[in-house]
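Remarks on the overall topology
Residues per chain are reported as follows:
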Protein chains: 2
Amino acid sequence: MKSASPILIVGSMAFDDLQLPTITATDVVGGSGTYSAFAASVFAPVRVVAVVGDDFPQGTLESMRARGIDTEGIEHASGRTFRWAGRYDADLVGRTTLDTQLNVFASFQPKIPTSYRSSPLVLLGNIHPALQIDVLNQVERPRLVVADTMNFWIQGEPKILGEMLERVDLLVINDEEARLLSGIHNIRRAADEVRKRGPRSVIIKRGEHGALLFDDDGIFAAPAFPLHEVIDPTGAGDCFAGGLLGYLATVPAVTPLSMRRAMVHATATASYCVEAVGTERVAKLGHAEVKERVAAICKLYEFGAGAM
Amino acid sequence: MKSASPILIVGSMAFDDLQLPTITATDVVGGSGTYSAFAASVFAPVRVVAVVGDDFPQGTLESMRARGIDTEGIEHASGRTFRWAGRYDADLVGRTTLDTQLNVFASFQPKIPTSYRSSPLVLLGNIHPALQIDVLNQVERPRLVVADTMNFWIQGEPKILGEMLERVDLLVINDEEARLLSGIHNIRRAADEVRKRGPRSVIIKRGEHGALLFDDDGIFAAPAFPLHEVIDPTGAGDCFAGGLLGYLATVPAVTPLSMRRAMVHATATASYCVEAVGTERVAKLGHAEVKERVAAICKLYEFGAGAM
C-alpha cells in the first residue's frame, strides 16, 4: 500500500434515489467519483476532483479522508448536490431513469489542485468530454489515463469526444456504448474500431457477464464472480474502474499482464459493491477481502490450461 | 481418436428455414441430433438415434457416416421431416419462431439398436422427458448421462421432467431455462437448486457470454470466444453439448478437471458452428482446428494466476 502511486479521480458525487426489487432507498450517497474513489482507496492513495452542494453529508467526506482519499479537490458549491433517481427491473439488469437533477454539477468546471497535478494515474469519470480534456490540460503527462463515457456524449458530442479519445490510454465502456461509438454490432470489431480512434486498450463491461479487455496482446476475458445475491448494481462499473486503477497503482509498470491482473482485481472489487445498497459495502472494503475474492475468481478459471 | 469411447446421441433431425440479418436460407439441414453428432464426431465415434422423413437428404447421412457417425439408429419414417422456421433479430441474439411442423417427429419413439446399448456416454437431446427416460431404460448404465431440455417441457411436464433429472449426471441448459426450472432468478442459486433435483453438475449456457459449470468443485466460467463475425447461431448450443461429450469420450475418467477442459473444447467447437449457416462448418470440422481454437481460448484466460 505504501508504495502505491496516487490516483487522480474526476467524477460526480451525488444522491441517488433507488427503487430496487427488494428495497426502495432515498438520498443514497452515490456518483461515479464517490464509488470509484472508495474502490481505488483499497489499493492506493486517491485524490478526488468533484463538486458537492450544501446538502452533501460531511460524514461521507470524513469516511473518505479516513481511507486516505484526499478531498482537497472537492469543490463545495452553493446549492443542491447532483441527484439521480432510477428504478431497476426485477432482473437487476434493466433500469429506467426516473429523474435527473444536475444542480451544482451543471456548472462543474474541474479545478485540479497544484498538489494533484503530478498524479501518475488519472481516471476521467463520465463527464462532458470537453471537461475530461480540460482535466488533462491541467495535469503533467500521467503514466496512465483511463476514461469512461456514455451514450449521451457519444451521440451529442462526437467531435470533442473524438479529441478526448486521442488522449486516453484506456477506455472503459459497456457493450452498448461500444456499439454506439463504433457503429459496429460485433463486439470484437467494435473494440478494434474504438482502438483505432486513440485508446491503445479498451475494456468492454458486460454487467453480470463480466468484462473483456482488448489490447496489443489480444483479448482477455474476466468473467464476473457469480454471487449468491445481488442487492444493488449501482456503481458496479465505477468500482470496477476504481479497482482497476487501484491495482495498477501498486505495480511498477502497466503491462498487458498487469492489466489482465488488474481486471481480476477490478472484478473482485465490483463484486463487493453490489452486495449492499449504495457505497455501504465498498466504503468499508479492505485489501484482505479483495484478495480473498481474487482467489475465488482465480478458481473460476482453473482448468490446467498448460496441460491441454 | 481410436481410444475414444462411443457416444450415443438422441435428438432431432430437421430442416430449418432461417431468416438471418444477412441471409435468408431455406431447407437448411439442422436439428439438435444432427448438430451435436457432427460436433461430437470431431472427437469420438458417435451413434445417433433420431427420425427422418422421406425428404431428408441421403447426402447428409452419407456425410455423417464418413465421419464415423453410426446412422443405424436413424429411423426412416414415411412422411416429412421435422421443420422449424425462425427469424433472428439484428443482434443475432433474440429470435422468433415463425413455424414449427413436427411431422414424423410427432410420433417419434426412440428405439435403441442392440449395438448401441452399452454406449458409455449418452446425450439426451431436447425431446419429451418421457422419451429421455425411455432411452435410459433401453441402455446399460452409462458412465455419463447428459441431458438438455427446454421451457416447453419445464412448464408442461414438470413431474416427468423431475423424474428424468434424477437419472441425469449433467444438465446443460440456458440461463432462462435454469431460472424457469428453479423459480430463482439468481443464476448461482438457480444452479444450486437444479443440482438438488438430481444432476450432480449443471452447465448454464449464456450464448455470446459463454457458459458456467456448477459442480462439487465450485464454479467454472468458460467465456465464449469473441469472433470477428457470427453468421448463424443456430445449433451452437447443440454443438457445445456435442463437443463437450466428444472431449469427455477421450479422457479416462470424468473428473471436475476434465469437465472444465471439456467446457473449453465445447466452446471451441461451438464457435466454429456459428461461423457459417447450418451445419456447413461443423460438418467439416477437424480436430486440429478445434485444438487451434482451444489454444486461442486459453489465451483469453492468461493472467498468471499462480503469481497473484
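Refer to the structure presented above.
All values reported here derive from a predicted model rather than from experimental measurement.

Right, let's talk about the packing of aromatic side chains for a bit. One pass over the structure, following the stated rule, counts 15 aromatic pairs over all chains. Summarising the aromatic geometry, the rings of Phe15(A) and Phe56(A) are spaced 5.9 Å apart at their centres and angled 40° between planes, so their arrangement reads as tilted. Of this pair, Phe15(A) sits in strand β2 (residues 14-19) while Phe56(A) is found in the loop between β4 (46-52) and α2 (58-66), placing the two residues 41 residues apart along the sequence. Of the two residues examined, Phe15(A) and Phe56(A), each falls in the buried class. Note on Phe105(A) and Phe108(A): the rings are 5.6 Å apart at their centroids and 20° apart in plane angle, and the pair reads as stacked. The class of Phe108(A) is buried, set by a relative accessible area of 4%. Here the aromatic residues Phe220(A), Tyr301(A), Phe303(A), Phe220(B), Tyr301(B) and Phe303(B) are joined through ring pairs into a cluster of three or more.

Further remarks concern the environment of Val28(B). All names here are of chain B. Structurally, the position occupied by valine 28 is in strand β3 (residues 24-30). Put simply, valine 28 and lysine 205 are 177 residues apart on the chain and 24 Å apart in space, counted from C-alpha to C-alpha. With near-sequence residues (within four places) excluded, valine 28 lies in contact with Ala14, Phe15, Asp16, Leu18, Val277 and Gly278.

Another point: the nonpolar core. If you look at the biggest cluster of nonpolar residues, it comprises 212 residues, and the most contacted ones within it are Leu244(A) and Leu244(B). The contact partners of Leu244(B), leaving out residues within four places of it in the chain, are Leu170(B), Ile203(B), Ala262(B), Met263(B) and Ala266(B).

Moving on, we get to the interface of chain A and chain B. Listed per partner, the contact involves 37 residues of chain A and 37 residues of chain B. On inspection of chain A and its partner chain B, the count reaches four salt bridges. For Arg179(A), the salt bridge goes to Glu208(B), with nearest N and O atoms at 3.8 Å. There are 21 residue pairs in polar contact (both at pLDDT 80 or more) connecting chain A and chain B. Here the residues of the side of chain A that touches chain B sort into 19 nonpolar, six polar and twelve charged.

Residue and element names in this part refer to chain B. Strand order across the open sheet formed by four strands is β3-β2-β7-β8, with mixed pairing between neighbours. Strands at the two margins of the open sheet, each flanked by one partner only, are β3 and β8 (95-101). Across the sheet, the axes of successive neighbouring strands diverge by a mean angle of 20°, strand direction being ignored. In this structure, strand β2 (residues 14-19) lies alongside strand β7 (residues 82-88), joined through six bridges in parallel fashion. Across the sheet, residue aspartate 17 finds its bridge partner in β7, namely alanine 85.

The next point concerns the sheet that holds β2(A). All names here are of chain A. Read across the sheet, four strands follow the order β3-β2-β7-β8 without closing on themselves; strand pairing throughout is mixed. Edge positions in the sheet fall to β3 (24-30) and β8 (95-101), since each has one partner strand and no second. Each adjacent strand pair in this sheet contributes to an overall mean axis angle of 20°, direction not counted.

A few words on the pairing of strand β12 (residues 201-205) of chain B. Residues and elements named next belong to chain B. Buried residues dominate β12, accounting for five of its five residues. Because side chains alternate across β12, one face comprises the buried residues Ser201, Ile203 and Lys205, and the other comprises Val202 and Ile204, equally buried. The pairing of strand β11 (residues 170-174) with β12 spans five bridges and is parallel. What sits directly across from valine 172, in β12, is isoleucine 203.

Conventions adopted
Chains are numbered independently. Their residues run from 1 in the order of the written sequence. Numbering of ligands from 1 and lettering of chains from A proceed in the order in which they are written. Residue-level local features of this predicted model are given only where pLDDT is at least 70; pairs of side-chain atoms are given and counted only at 80 or more, and the full residue set underlies all totals for whole chains, interfaces and linings. Based on all heavy atoms of the structure, the side-chain values leave hydrogens and waters out of the count. Pairing of aromatic rings covers Phe, Tyr and the six-membered ring of Trp, with a centre-to-centre limit of 6.5 Å; geometry is then stacked below 30 degrees between planes, edge-to-face above 60, and tilted otherwise. Numbering of helices and strands starts at the N terminus; helices are DSSP runs of H or I of at least 4 residues and strands are runs of E of at least 2. Partly exposed residues are those whose accessible area sits between 20% and 50% of the maximum for their type, while under 20% is buried and over 50% is exposed, using a 1.4 Å probe and protein chains only. Residue contacts follow a heavy-atom distance rule, with two residues in contact if any of their heavy atoms lie within 4.5 Å. Nonpolar core, defined: a set of buried Ala, Val, Leu, Ile, Met, Phe, Trp, Tyr and Cys residues in which side-chain atoms within 4.5 Å join the residues together. By definition, a salt bridge exists where a carboxyl oxygen of Asp or Glu is found within 4 Å of a side-chain nitrogen of Lys or Arg. Polar contacts, as used here, are pairs of N or O atoms within 3.5 Å; protein pairs need one atom able to donate a hydrogen and one able to accept it. Residues neighboring in sequence count only if both atoms are side-chain atoms. Note on residue categories: nonpolar means Ala, Val, Leu, Ile, Met, Phe, Trp, Tyr, Cys or Pro, charged means Asp, Glu, Lys or Arg, and polar means any other residue, Gly included. If DSSP finds at least two bridges between two strands, the strands pair. Note on method: axes are straight lines fitted to C-alpha atoms, helices fitted across the in-contact stretch only, with angles between N-to-C directions ranging 0 to 180 degrees.

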